[in-house]
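# Structure at a glance
Below, each chain spelled out in residue letters.
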Amino acid sequence: MVELHPGTWLVTDPATTDRLLASRHALPARVEQGAATTSWGVDGLQRWMAARRAMRPWLTPSAAARFAPAISAHARSAVVRWASAADIDVMSEGSGLLSTVNTHYILGRPSPTLTRLVGEELSAAERARPPLLRRRRLLRAQLATLTTVHDHLRTEVPPADLVAALADAGLDERTTALAVRTMLLSSHHVPAAALAWALHELSSRPDLQEQLRGETTAQRDPGGTDLPLCRAVVREALRLHPPVWQLRRVLDAPVLDFPAGAELLFSPHINQRDRAAHPDPDRFDPHRRHPDSHPPPGAYLPFALGPRFCPGSHLAIAELVVVIATVLDTHVVVPHHAPAPARGTLNAPRGLRLTFLPHRPHR
Ligand code: HEM
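On a predicted model such as this, the values are computed, not experimentally measured, just so you know. (Residues numbered from 1 in each chain as written. Predicted model: local features only at pLDDT ≥ 70, side-chain atom pairs only at ≥ 80, totals over all residues. Heavy atoms only, no water.)

## What to know about the UniProt feature "binding site: heme" (unreviewed entry) in the protein chain
- The feature "binding site: heme" (unreviewed entry), as annotated in UniProt, sits at Cys310 in this numbering.
- Tracing the backbone through its elements, the reader meets Cys310 in the loop between helix H14 (268-271) and helix H15 (313-330).
- By relative accessible area, which is 27% here, Cys310 ends up partly exposed. (UniProt positions renumbered as here; feature names shortened; annotations may be inferred. Helix = DSSP H or I, 4+ residues; strand = E, 2+ residues; numbered from the N terminus. Buried < 20%, exposed > 50% of the residue type's maximum accessible area, 1.4 Å probe, protein only.)

## Brief notes about the site of the ligand
- Surveying the vicinity of the ligand reveals 27 residues, the closest of which are Trp48, Arg52, Arg249, Arg308 and Cys310.
- Separating an oxygen atom of the ligand from a side-chain N or O atom of Arg249 is a distance of 2.9 Å.
- Contacts to the ligand include Arg308, whose side-chain N or O atom sits 2.8 Å from an oxygen atom.
- Among the secondary structure elements, those contributing two or more residues to the shell around the ligand are helix H3 (44-55), helix H10 (173-186), helix H11 (189-203), strand E5 (247-251) and H15.
- At 4 residues, the largest contribution of residues to the shell around the ligand is made by H15.
- Its residues assigned to classes, the shell around the ligand comprises 17 nonpolar, 5 polar and 5 charged. (Near = heavy atom within 4 Å. Polar contact = N/O pair within 3.5 Å; in protein donor to acceptor, adjacent residues only side chain to side chain. Nonpolar A, V, L, I, M, F, W, Y, C, P; charged D, E, K, R; others polar.)

## Comments concerning the packing of aromatic side chains
- Counted by the stated rule, this structure contains 4 aromatic pairs.
- Pairing Trp40 with Trp48 gives two aromatic rings, centres 5.8 Å apart and planes at 75°, and the pair type is edge-to-face. For the pair shown, Trp40 and Trp48 are each scored as buried.
- Between Phe67 and Tyr105 the ring centres are 4.9 Å apart and the planes differ by 70°, which places this aromatic pair in the edge-to-face class. Pair noted here: Phe67 is in the loop between helix H4 (61-66) and helix H5 (68-83) and Tyr105 is in helix H6 (residues 90-107), with a separation of 38 residues, a long-range link. Side by side, Phe67 and Tyr105 carry an identical accessibility label, which is buried. (Phe/Tyr/Trp six-rings, centres within 6.5 Å; stacked < 30°, edge-to-face > 60°.)

## Examining the environment of Tyr105
- Relative accessible area serves as the criterion here: at 12%, Tyr105 is assigned to the buried category.
- Along the chain, Tyr105 and Val334 lie 229 residues apart, while their C-alpha atoms are 30 Å from each other.
- Ignoring anything within four residues of it in the chain, the contact list for Tyr105 reads Trp58, Leu59, Ala63, Ala64, Phe67, Leu162 and Leu315.
- Among the polar contacts made by the side chain of Tyr105, one reaches the main-chain carbonyl oxygen of Trp58 at a distance of 2.5 Å. (Contact = heavy atoms within 4.5 Å.)

## Points about a positive patch on the surface
- Judged by side-chain charge, Arg127, Arg136, Arg137 and Arg140 come together as a positively charged surface patch.
- At 3 residues, helix H8 (residues 132-155) tops the list of elements feeding residues into the positive patch.
- Within the secondary structure layout, Arg137 lies in helix H8. (Patch = residues over 30% accessible without salt bridge, like charges linked within 9 Å, V, L, I, M, F, W, Y side chains within 5 Å. Areas by Shrake-Rupley, 256 points an atom, 1.4 Å probe, with all protein chains shown as cover. Salt bridge = Lys/Arg side-chain N within 4 Å of Asp/Glu carboxyl O. Lys, Arg positive; Asp, Glu negative; His and termini not counted. Charge placed at Lys NZ, Arg CZ, Asp CG, Glu CD.)

## Re the side chain of Thr225
- Position of Thr225 relative to the elements: it lies in the loop between helix H12 (206-218) and helix H13 (228-240).
- For Thr225, a relative accessible area of 13% translates into the label buried.
- The residues contacting Thr225, other than those within four sequence positions of it, are Ala65, Ala68, Arg231, Ala318, Val321 and Val322.

## Points about the environment of Asp329
- With respect to the helices, strands and loops of the structure, Asp329 is situated in helix H15.
- Distance in space between the C-alpha atoms of Asp329 and Gln209 is 9.0 Å, their sequence separation being 120 residues.

## Quick word on the sheet that holds strand E3 (residues 26-28)
- Ordered in space as E1-E2-E6-E5-E3, the 5 strands form an open sheet in which the pairing is mixed. The sheet is open, and its two edges are formed by strand E1 (2-5) and E3, each paired on a single side. Adjacent strand axes in the sheet meet at a mean angle of 35° when their direction is disregarded.
- By the bridge criterion, 3 bridges tie E1 to strand E2 (residues 8-11) in an arrangement that is antiparallel. Each bridged residue has a counterpart across the sheet, and for Glu3 the counterpart in E2 is Trp9.
- Against the sheet, helix H1 (residues 14-22) engages E2, E3, E5 and strand E6 (263-266), with an angle of about 130° to E6. (Pairing = 2+ DSSP bridges. Axes fitted to C-alpha atoms, helices over the stretch in contact; angles between N-to-C directions.)

## Topic: the packing of H5 against H6
- At a minimum axis distance of 10 Å, the contact between H5 and H6 shows a crossing angle of 155°. Of the possible angle classes, the one that applies to H5 and H6 is roughly antiparallel. H5 and H6 meet at a crossing whose hand is right-handed. Residues Ala70, Ile71, His74, Ala75, Ala78, Arg81 and Trp82 of H5 pack against Glu93, Leu97, Thr100, Val101 and His104 of H6. (Parallel < 35°, antiparallel > 145°, perpendicular 65-115°, else oblique. Left-handed = near helix turned anticlockwise from the far one by under 90°.)

Shown next as structure tokens:
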């Protein structure tokens, strides 16, 4: 671990990462900022944690697997559109597709308006640096998303399972709307970056695409998520290219040798290329691990670890597996324009363009 400047440490040892992130005293620094900008208020942390608990039964692997047919239907119409163009901007198209899928899951039906508003809010947040005008634009975008979520919650009868779970847990309408908005914002660019990286890796591996096609054809439950090779591809893409490449925590009490108030930085990108845990770490190799074996603690954390790990992780894995399987079932993906290095807090393949061609089976 390295002290970057007084009070701030970069922690890269996997075992120490695991122990620190598991601590309830390690709070995401984001929360304090978020409380000011998204109006969760002073008791926002307790209300958000209550919302997380209430949503848990609807974010399990089996709940996500039940949604596979809807994910597959969205992916099928997307790939037909992608194949009608010479090449596509993978991040932009992937964000549209996965935001549609996640909005459908969270709200019970797709909402093109919310998909657009969430995209606009995220772009405004990326650009919101000091100029007052841009901050105002961000506040306007935040308000537009929240108001539209409120409208949806008031008019949709019966509510989606996930929304009903929030109400059943006794959470008020404002908390429910804020929780739904948090879920919508978190499920837009981040899973799209994961999909884009996986497709990028697959685009130069026609052999692997063919193996995935064989697995989809042979699966017992057509349109399901029981696809071990496809899962391994997703897992490996998330290892080599974690969309969230850095995590920040602030300690509200001493943990291990760190004092209260210490700021800790972790990097899934660095830990997931740890040579001891992942031999030949820069190579994309979905076969590197037996499906039932796990990397050492703290060496694999694309969804973070501990009490604030990603609540959408099972849904994200299911949708990535089903989207990739559906797309490759009928199409071949080939490179068109290589990505530029990522910038900012999201590790996304900037400018990546791919071509989708109809798959012609050998006779
Ligand atoms: C491959 C896709 C995804 C990846 C790699 C990912 C990764 C992460 C990571 C690393 C965090 C922790 C961030 C931090 O502590 O600073 C996080 C938090 C979060 N994620 Fe995801 N995520 C993905 C998809 C999703 C989806 C689909 C949803 C919702 C349906 C979602 C909802 C959230 C929420 C609400 C949080 C905040 C949790 C909290 O602060 O308590 N994520 N995600």
